[in-house]
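The lines below spell out each chain.
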2 protein chains.
Amino acid sequence: MQNKLENKLAAQPLDFESFFSQKAMEMKASEVRELLKLVETSDVISLAGGLPAPETFPVDIIKEITMEVLSKHADKALQYGTTKGFTPLRLALARWMEKRYGIPMSKVEVMIVAGSQQALDLIGRVFIDPGDIVVVEAPTYLAALNAFKFYEPEFLSIPLDDDGMKVDVLEEKLKKLKAEGKRIKFVYTVSTFQNPAGVTMSLERRKHLIELAKEYDFLIVEDNPYSELRYSGEPIPPIKHFDDEGRVIYLGTFSKIFAPGFRLGWVSAHPHFIRKMEIAKQAVDLCANPFGQVIAWKYVEDGHLDRHIPRIIEFYRPRRDAMLEALEEYMPEGVRWTKPDGGMFIWVTLPEGIDTKLMMEKAVAKGVAYVPGEAFFAHRDVKNTMRLNFTYVPEDKIREGVKRLAEVIEDEMRRLK
Amino acid sequence: MQNKLENKLAAQPLDFESFFSQKAMEMKASEVRELLKLVETSDVISLAGGLPAPETFPVDIIKEITMEVLSKHADKALQYGTTKGFTPLRLALARWMEKRYGIPMSKVEVMIVAGSQQALDLIGRVFIDPGDIVVVEAPTYLAALNAFKFYEPEFLSIPLDDDGMKVDVLEEKLKKLKAEGKRIKFVYTVSTFQNPAGVTMSLERRKHLIELAKEYDFLIVEDNPYSELRYSGEPIPPIKHFDDEGRVIYLGTFSKIFAPGFRLGWVSAHPHFIRKMEIAKQAVDLCANPFGQVIAWKYVEDGHLDRHIPRIIEFYRPRRDAMLEALEEYMPEGVRWTKPDGGMFIWVTLPEGIDTKLMMEKAVAKGVAYVPGEAFFAHRDVKNTMRLNFTYVPEDKIREGVKRLAEVIEDEMRRLK
């Protein structure tokens, strides 16, 4: 058998490429993922990942809930579900969004998805025609770029600062586009503790963005996986809170406040938009996994979610602090970084002239890894940035990793002079 | 709050339609689903659904496995997974396919998906350019039509008989297309206990189809959710068994041999194709839910799957028999139906002139429901057929349902004369 298999794989009589669609020919594996595969097999300290710490997974709660679900709700949990999602979960999330963020919401405004990645794909499917202008932050979440790209939009990048997307720069662009008779379809923003930059859009800019959406008639896709992970500072309402017209499509996820292994997220939007996304979802996977949905329902409904979030925060805060302290202690002058009040990432900007993708090999040789910033820019036009994660690795390793990284950067800066 | 919400929903100041993509404008909700929603709320005997019986879900096994997984493998089950799927599960499935179907297989030929519906969407994404010719059976699985349609293929329908797709008709079409300089991209077939027709492609036709695929250079998508549910007759190897070039993309699912609530299926194909589908999947949902995957791994690996399948068969066989007997007993002359050796469905053909979609209202008034056959035809050109399901409803209700249905049909036939 093994020989037959080897023959089969070796023979390759087919012209495989001749079968692929045009778009499939253009699909490329993420270089970052390929890079990280190398790192995972060595004893490098990786500040590159984007994973929650497994120590934050509420295993005992999950055991308890799951036994209850299998005893009382197996008929729902093990059967096919509706495309919109398990109704009690949708209702529980609508109530939670209302209580937590002051956003009045009914279950018809909530659809359950297979992680917010799926929501990004569905948004592409439902809203983007080839050539449509989609505004993203620079930098932005790279998997959102990847999801949207299939639908062939034209990306318009708006820079960030410590207060998030520079909405005044967006306004200038909108004026120019309007003069050219052009319209944008939507603005995509990770509004709070942004991935990759860690920054949060200020209250003033949130309000300004909503005003612009009305004036220039576009939608806002607010991706909010991190806002519950706040280690310092005062909470700030989601952009969705200020939405009185149904312009904001809000994405939430269980991956950072429960566990990623359930692959569950949700979309909160006007029922008109939810309905169309529901029809689109029917064709791609029928429904999100009901087993996870019924478990997630008990997690929210029985108050576990609200009780568990503070534990996650207590676990991550020292890690965030350790990374900020280590950056302060070790980084040479000329290196800048963001100081996030929450989330999972810090964004580091090196002096012009350093290419963090090229530097990666040296860093790995020194025993530390990061994600080069280039892939987070829609136009891949910035070379001297990197994303560091502080949630996955313990404090002492964070400190050691940042120290090693600082040495690599110092070397590189010397070489440049 | 409630008032604010109502105002928001009532105001609708947005021109929602103006935001949708061209393709989204064309997306329609399935009429069948809308119909079934009505049925579910009444006391009609529904032979319309496509659901496995919840009595076949191995709840106790799932409890046992899940506790073990949460105790020993929580780090894998609750974390993000790789896009290709949980490696031990891929390995277990490769071994199972080899043992069960005599198909030599390695784990690089297996990718885990969010139900085989997702595989259908990924196949569309990776293989179909607008205008590509995709061959389907007439009738065929309607959700496959729905998944492929987004990618704008031209469907070529090949009729079925009791031995499955009429491969000789396909051959005639292929000759004609070749003469016109055209090629087909792939043939989609539910090869065993077809949905909706219940028929199985004969051994001879399987071999013929593979020969044609070589001669005319196309791929075969073999969707095989039902072959394990065999109540009579001798097993027949999947088309994939005869594939020595990597032309067959095989789809399997846990929905009918474990439980649909995990939303897990798998694709077995040449590593070149798997690789491209993996890249495509990265953009749409990152990975199938790891929690379910680790549980499914234990289910296969520990032999539960092989021990449980006979129990499902014993549960369904009397229901299949009850439906065949009732059809024989009650149906008027002029009505024909398939006699499946397995699966979940029987396909009924009424005399020409009866439109089963129009007849549905009368049937529901008489207390029975079915799926009108029209939607299973790519070109919606056949009106006098229907799909009956025999797995969800107990034997006495099956008999009563078929009896009511026969009365409706007799009425309709009288009316036609």
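Calculation rules
- Residues numbered from 1 in each chain as written.
- Chains lettered and ligands numbered in written order.
- Predicted model: local features only at pLDDT ≥ 70, side-chain atom pairs only at ≥ 80, totals over all residues.
- Heavy atoms only, no water.
- Pairing = 2+ DSSP bridges.
- Helix = DSSP H or I, 4+ residues; strand = E, 2+ residues; numbered from the N terminus.
- Phe/Tyr/Trp six-rings, centres within 6.5 Å; stacked < 30°, edge-to-face > 60°.
- Buried < 20%, exposed > 50% of the residue type's maximum accessible area, 1.4 Å probe, protein only.
- Lys NZ or Arg CZ within 6 Å of the ring centre and 35° of its normal.
- Least-squares fit on C-alpha atoms with pLDDT ≥ 70 in both.
- Contact = heavy atoms within 4.5 Å.
- Right-handed = clockwise from strand over helix to strand, strands pointing away.
- Disulfide = S-S within 2.5 Å.
- Polar contact = N/O pair within 3.5 Å; in protein donor to acceptor, adjacent residues only side chain to side chain.
- Salt bridge = Lys/Arg side-chain N within 4 Å of Asp/Glu carboxyl O.

*Asks:* Help me out: how do you make sense of the sheet that holds strand β10 (residues 336-337) of chain A in this one?
*Replies:* Sheet strands pair via backbone hydrogen bonds, and the direction of the pair is either parallel or antiparallel. Residue and element names in this part refer to chain A. With antiparallel pairing, the four strands of this open sheet are ordered in space as β10-β11-β14-β13. Of all the strands in the sheet, the pair left with one neighbour each is β10 and β13 (371-372). In terms of strand pairing, strand β11 (residues 345-349) meets strand β14 (residues 385-389) through five bridges, oriented antiparallel. Note on β14: the bridge partner recorded for Ile346 is Leu388.

*Asks:* Which parts of the structure should I look at to understand the environment of Pro104 of chain A?
*Replies:* Tracing the backbone shows Pro104 of chain A in the loop between α6 (87-101) and β2 (110-113). Each C-alpha atom, one on Pro104 of chain A and one on Gln118 of chain A, is 24 Å from the other, the two residues being 14 residues apart in sequence.

*Asks:* I tried to follow the packing of aromatic side chains on my own but got confused; where do I start?
*Replies:* In this description, a pair of aromatic rings is defined by centroid distance and the angle of the planes. Under the counting rule described, the total for this entry stands at 49 aromatic pairs over all chains. For the ring pair Phe127 of chain A and Phe273 of chain A, a centre distance of 5.2 Å and an interplane angle of 75° mean the geometry is edge-to-face. Of this pair, Phe127 of chain A sits in helix α7 (residues 116-127) while Phe273 of chain A sits in helix α11 (residues 271-285), and the two are 146 residues apart along the sequence. Residue class for Phe127 of chain A comes out buried when judged on its relative accessible area of 0%. Judged by centre distance (3.7 Å) and plane angle (15°), the ring pair of Phe258 of chain B and Tyr299 of chain B falls under stacked. A residue pair is termed long-range when its members are at least 10 positions apart, and Phe258 of chain B in the loop between β8 (248-253) and β9 (265-268) and Tyr299 of chain B in helix α12 (residues 290-301) qualify at 41 residues. For the residue pair Phe258 of chain B and Tyr299 of chain B, the accessibility class agrees, reading buried in each case. Cation over ring: Lys298 of chain A sits above Trp297 of chain A, and NZ or CZ is 4.9 Å from the ring centre. Over the face of the ring belonging to Phe150 of chain B we find Lys23 of chain B, whose NZ or CZ atom lies 4.3 Å from the ring centre.

*Asks:* Is there a simple way to explain the relation of the copies chain A and chain B in this structure?
*Replies:* Mapping one chain copy onto the other needs a rotation about an axis and a shift along that axis. Mapping chain A onto chain B leaves a residual RMSD of 0.0 Å; the transformation is a rotation of 180° accompanied by 0.0 Å of translation along its axis. As the rotation angle and translation indicate, the two copies are arranged about a two-fold axis. Both copies present the same face, since 100% of the interface residues in chain A are matched by interface residues at the equivalent positions in chain B.

*Asks:* Explanation requested: the pairing of strand β4 (residues 154-161) of chain B in the structure shown.
*Replies:* As a general feature of sheets, a regular strand has side chains that alternate between the two faces. Residues and elements named next belong to chain B. Of the strand pairs in this sheet, strand β3 (residues 133-138) and β4 are connected by six bridges, and their pairing is parallel. Bridge assignment links Val135 to a residue of β4, and that residue is Leu156. For the crossover from β3 across helix α8 (residues 142-149) to β4, the handedness is right-handed. Bridging between β4 and strand β5 (residues 164-165) involves two bridges; their strand directions are antiparallel. Each bridged residue has a counterpart across the sheet, and for Leu160 the counterpart in β5 is Met165.

*Asks:* What is the right way to read the state of the cysteines from this model?
*Replies:* Each disulfide is one covalent bond, formed between the sulfur atoms of two cysteines. Under the defined criterion, the tally for this structure stands at zero disulfides over all chains. In this structure Cys287 of chain A is a free cysteine whose sulfur lies 17 Å from that of Cys287 of chain B, the closest cysteine sulfur available. For Cys287 of chain B, a relative accessible area of 1% translates into the label buried.

*Asks:* Looking at this structure, I do not really get the side chain of Lys240 of chain A. What am I missing?
*Replies:* Residues and elements named next belong to chain A. Along the chain, Lys240 turns up in the loop between β7 (219-223) and β8 (248-253). Polar side-chain contacts of Lys240 include one of 2.9 Å to the backbone oxygen of Val248. Discounting chain neighbours no more than four positions away, the residues touching Lys240 are Ile103, Met105, Glu222, Val248, Tyr250, Ser268 and Ala269.

*Asks:* For this particular structure, what's the right way to read the pairing of β2 of chain A?
*Replies:* Residues and elements named next belong to chain A. Of the two faces of β2, both are covered, the one formed by Val110 and Ile112 as well as the one formed by Met111 and Val113. With four bridges connecting them, β2 and strand β9 (residues 265-268) associate as antiparallel partners. By the bridge assignment for β9, Val113 is matched with Gly265.

*Asks:* Even after reading the chapter, I still don't get the pattern of salt bridges, so can you show me in this structure?
*Replies:* Two side chains carrying opposite charge are able to pair once their charged atoms lie near each other. On inspection of all chains with the given rule, the structure shows 63 salt bridges over all chains. For the salt bridge of Glu180 of chain A with Lys182 of chain A, the shortest nitrogen-to-oxygen distance reads 3.5 Å. As a salt-bridge pair, Asp411 of chain B and Arg414 of chain B come within 2.8 Å of each other at their nearest N and O atoms. Taken together, the positions of Asp411 of chain B and Arg414 of chain B, both in helix α15 (residues 395-416) and three residues apart, correspond to about one turn of that helix. Members of the salt-bridge network, linked through shared partners, are Glu68, Lys72, Lys298 and Asp302 of chain A.

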